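# Coordinate inspection notes
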Amino acid sequence: TPFHPLCSGPKAASMPSRQKQIPSSLIRSLPTAKGVMGVATCDKGLPAMMMALAGSGHLPGILVPGGVTLLSEEGEDLAKVQSVGARFAHREIDLKTASETACRSCGSPGGGCQFLGTAATTQVIAEALGMSLPHAALIPSGSAAWRDMARRSAVALMEMTAGQTPLSSILTEASFHNALVLHAAFGGSTNLILHLPAIAHAAGLPRPTVEDWQAINQKVPRLVDALPNGPHGFATVQVYLAGGVPEVMLHLRKQGLLELDAPTVSGATLGENLAWWEQSERRQRFREKLRELDGIDPDEVIRPPEKAFPSTITFVKGNLVPEGAVVKSTAIASELLDDKGVFLHDGPARVFASEEAAIAALKSTGEDRVREGEVLVLAGLGPVGAGMPETYQVTSALRYSSVGKNLAVLTDGRFSGVSTGPCLGHASPEALAGRPIGKLRDGDPIRIRIDTRQLVGTVEFLGDLEEFHARPTHPDLAPDPRLPDDTRLWAALQNASGGSWGGCVYDVDEILRRL
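Residues numbered from 1 in each chain as written. Predicted model: local features only at pLDDT ≥ 70, side-chain atom pairs only at ≥ 80, totals over all residues. Heavy atoms only, no water.

With that settled, consider the overall build of the protein. Counting its secondary structure elements, the protein contains 22 helices and twelve strands. Against the compact-globule benchmark of 24 Å for 515 residues, the protein has a radius of gyration of 22 Å, which places it among compact chains. For the protein, the spread of C-alpha atoms along the three principal axes comes to 65 × 60 × 45 Å. Taken over 515 residues, the protein has a buried fraction of 60%. The average position of the 48 basic charges and that of the 56 acidic charges among the side chains of the protein differ by 2 Å. (Helix = DSSP H or I, 4+ residues; strand = E, 2+ residues; numbered from the N terminus. Rg over C-alpha atoms; globule rule 2.2 N^0.38 Å. Buried < 20%, exposed > 50% of the residue type's maximum accessible area, 1.4 Å probe, protein only. Lys, Arg positive; Asp, Glu negative; His and termini not counted. Charge placed at Lys NZ, Arg CZ, Asp CG, Glu CD.)

Set out below in structure tokens:
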């Protein structure tokens, strides 16, 4: 239901719509079902499908990821093209260029985006969990390779059914460990901090904690050079041709970072799958195709550990985020870092109580325009305030438009998986809980420090703390009046169930205890 959020309320309905897309009731309505095949592609439907499969773990189950779209030969990639509004507003492109570019960005129909956003990252995570076949993630959607993968998935599901192998025997704590490792190695979307715990919760397993994410990222370097991270930024289909998930796993196996005994839906363990992949004709054929078609060395797309990048995410603390915030530190441009890999930004706050207000300021050329050095604070976008919408129009303008130079972003909302730069999300507690981010005013001094190598960081208010804590919440902050009742209910129930760090799920036992 890709248009569901647009039909049921403001953009804020985006995150709650994941709960509504979980097809568990459909699975339960088939009492004679012997197994379940889930086919899903994008950034809410795919995690929702995985939650449904995990929650039906008594049955054999398998996931068929919908693949990715190809790069356009004439237009911009799907990350950059979303900044045409800001670039047009600042006269960096004309209307003809903007309209034509927007119509030429998809090289093929169907599939997830060309970058390693939430949809593509979730496909990677599904394969890492053992829920889909080896080399299933990031296939060109609808291609002969995709159709072959779908047929082989059906055969695998039939074999699971014949062998009475439930999905619950595949989804284990070992498989979730592998998923965390692959997320770090790929440079995945920060939205998986929400989705992976939700899948674990549905499977009846412990939810990965902030400490788990931190521990894995301290150990695992980023090996994949894909959009939006860079430095080159290859497309997801090129990552697939370079070997995709199993090729990355070969490097991780050498480092002893994977649980190789983890079972998979192929009927073999992860270690057995990798032994096959390493010697397979398929591996050689696809890697050679990347050289022939694009003139690209596969080892530049998926790098060996000695040529790796710092890991993916950094959790920051500080007096503005007592319970933490997260930044995709691997996607901060190298020119913004010092020789020790540290990003440091001191600047005045520019507070916005809605994403629309921030977008208007980014497009403006008048007195209300954003100015170099500011910290854009998007407050009131957490679950209670706005349903935790994803913010990308702001971050895309910062990357691709001239207006975005020397700016940083702090929000209690979340970001699109393609967001890059010094953008700190999931700031907790959220503004409308009466906490620090909600007390900020325009001009307040803020310091952001992120060590992209040690993966530690802080975000601090530098003024008079006694006066700051005595302030009331910003007068413009209030829950979005367009929020439908079901989104407000979702916000309350997920807050009682561990909040955004816990995956924005419904922990029924905890909810009942509180009632």
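Attention now goes to the layout of surface pockets. Counted as a void, the second largest pocket has a volume near 760 Å³. If you trace the second largest pocket, you find 37 residues lining it, with Ala331, Ile332, Ala333, Ser334 and Glu335 closest to the centre. When residues of the lining of the second largest pocket are traced back to their parent elements, those giving at least two are strand E5 (342-352) and helix H19 (393-400). In terms of residue class, the lining of the second largest pocket is built from 16 nonpolar, 15 polar and six charged. (1 Å grid on protein atoms, 1.4 Å probe; cavity = no way out; pocket = protein on both sides within 12 Å on 5 of 7 lines; lining within 4 Å. Points joined across faces, edges and corners; volume = space filled by probe spheres on them. Nonpolar A, V, L, I, M, F, W, Y, C, P; charged D, E, K, R; others polar.)

This part is about empty space enclosed by the protein. For the coordinates displayed, the defined rule picks out two cavities of 30 Å³ or more. By volume, the largest cavity amounts to about 100 Å³. Thr190, Lys328, Phe415, Ser419 and Cys423 are the residues nearest the centre of the largest cavity, which is lined by 13 residues in total. Counted by class, the lining of the largest cavity contains four nonpolar, eight polar and one charged residues. Approximately 70 Å³ is the volume found for the second largest cavity. Forming the walls of the second largest cavity are Glu127, Ser132, Pro134, Pro246, Met249, Thr264, Leu270, Asn273, Leu274 and Trp277.

Relative to the helices and strands, Arg283 resides in helix H15 (residues 281-294). Every residue in contact with Arg283, bar those within four places of it in the chain, is listed here: Glu247, Leu250, Trp277 and Glu278. (Contact = heavy atoms within 4.5 Å.)

Turning to the sheet that holds E5, a few remarks are in order. Neighbouring strands of a sheet are bound in pairs by backbone hydrogen bonds; such pairs are parallel or else antiparallel. Strand order around the closed barrel formed by eight strands is E3-E4-E10-E8-E6-E5-E11-E12, with mixed pairing between neighbours. Between one strand and the next, the sheet's axes are offset by a mean angle of 30 degrees, whatever the strand orientation. Relative to strand E10 (residues 423-428), strand E8 (residues 408-411) runs parallel, the two being bridged by two bridges. Looking across to E10, one finds that Val409 is bridged to Cys423. (Pairing = 2+ DSSP bridges. Axes fitted to C-alpha atoms, helices over the stretch in contact; angles between N-to-C directions.)

Moving on, we come to the packing of helix H7 (residues 118-129) against helix H10 (residues 192-202). Viewed as axis vectors pointing N to C, H7 and H10 meet at an angle of 35 degrees, and their least axial separation amounts to 11 Å. Where H7 crosses over H10, the two elements pack in a sense that is right-handed. Between H7 and H10, the contacting residues are Thr118, Thr121, Thr122, Ile125 and Leu129 on the first element and Leu192, His195, Leu196 and Ile199 on the second. Here the contact of H7 with H10 is built from residues that sort into five nonpolar, four polar and no charged. (Left-handed = near helix turned anticlockwise from the far one by under 90°.)

A separate point is the pattern of salt bridges. As enumerated under the stated definition, the model contains 22 salt bridges in all. Among the salt bridges present, the one from Asp148 reaches Arg152, with a minimum N-O distance of 2.9 Å. Note that Asp148 and Arg152 are positioned in helix H8 (residues 144-162) at a spacing of four residues, about one turn of the helix. The exposure class assigned to Asp148 is partly exposed, which follows from its relative accessible area of 26%. Taking the shortest distance from any N to any O, the salt bridge between Arg285 and Glu281 comes out at 3.0 Å. Here Arg285 and its partner Glu281 are both found in helix H15, four residues apart, which amounts to about one turn of the helix. One salt-bridge network, in which partners are shared between bridges, spans Glu247, Arg283, Arg287 and Asp299. (Salt bridge = Lys/Arg side-chain N within 4 Å of Asp/Glu carboxyl O.)

Another aspect to go through is the nonpolar core. The tendency in soluble globular proteins is for nonpolar side chains to be buried side by side. The biggest cluster of nonpolar side chains holds 90 residues, and the ones touching the most others in it are Met50, Leu129, Leu138, Leu182, Phe186, Val248 and Leu252. In contact with Met50, other than residues within four places in its own chain, are Leu63, Thr122, Ile125, Ala126, Leu129, Met131 and Ile199. Judged by nonpolar contacts, the second largest core, of 26 residues, contains Val321, Val327, Ile437 and Leu440. (Core = buried A, V, L, I, M, F, W, Y, C linked by side-chain atoms within 4.5 Å.)

With that settled, consider the pairing of strand E1 (residues 36-40). Burial along E1 is one-sided: Val36, Gly38 and Ala40 are buried, while Met37 and Val39, pointing the other way, are not. In the sheet, E1 pairs with strand E2 (residues 61-65) via five bridges, with the strands oriented parallel. Across the sheet, residue Met37 finds its bridge partner in E2, namely Ile62. Following the chain from E1 across helix H4 (residues 45-55) to the adjacent parallel E2, one finds a crossover that is right-handed. (Right-handed = clockwise from strand over helix to strand, strands pointing away.)

Residues Val210, Trp213, Ile216 and Asn217 constitute the buried set of helix H11 (residues 210-219). Considered in projection along H11, the buried side chains sweep an arc of 135 degrees and stay on one side of the axis. Exposed residues lying more than 90 degrees from the buried face of H11 are Glu211 and Lys219. Here the buried face of H11 lies against helix H9 (173-186), H10 and strand E3 (314-317). (Arc of directions from axis to C-beta.)

As a further point, take the state of the cysteines. Enumeration over the complete set of coordinates arrives at zero disulfides. The thiol sulfur of Cys113 is not disulfide-bonded, and the nearest other cysteine sulfur, from Cys42, lies at 5.9 Å. Judged by its relative accessible area of 26%, Cys113 is partly exposed. Not engaged in a disulfide, the cysteine Cys423 finds its nearest cysteine sulfur in Cys113; these two sulfurs lie 18 Å apart. (Disulfide = S-S within 2.5 Å.)

Another aspect to go through is the packing of helix H13 (residues 244-254) against helix H14 (residues 270-279). Contact geometry for H13 and H14: axes closest at 10 Å, N-to-C directions at 110 degrees. As summarised for this structure, H13 and H14 are arranged roughly perpendicular, according to the angle between their axes. Within the contact between the two elements, H13 uses Pro246, Glu247, Met249, Leu250 and Arg253 and H14 uses Leu270, Leu274, Ala275, Trp277 and Glu278. Of the residues belonging to the contact of H13 with H14, the class tally is seven nonpolar, no polar and three charged. (Parallel < 35°, antiparallel > 145°, perpendicular 65-115°, else oblique.)

The analysis is restricted to geometry; functional conclusions fall outside its scope.
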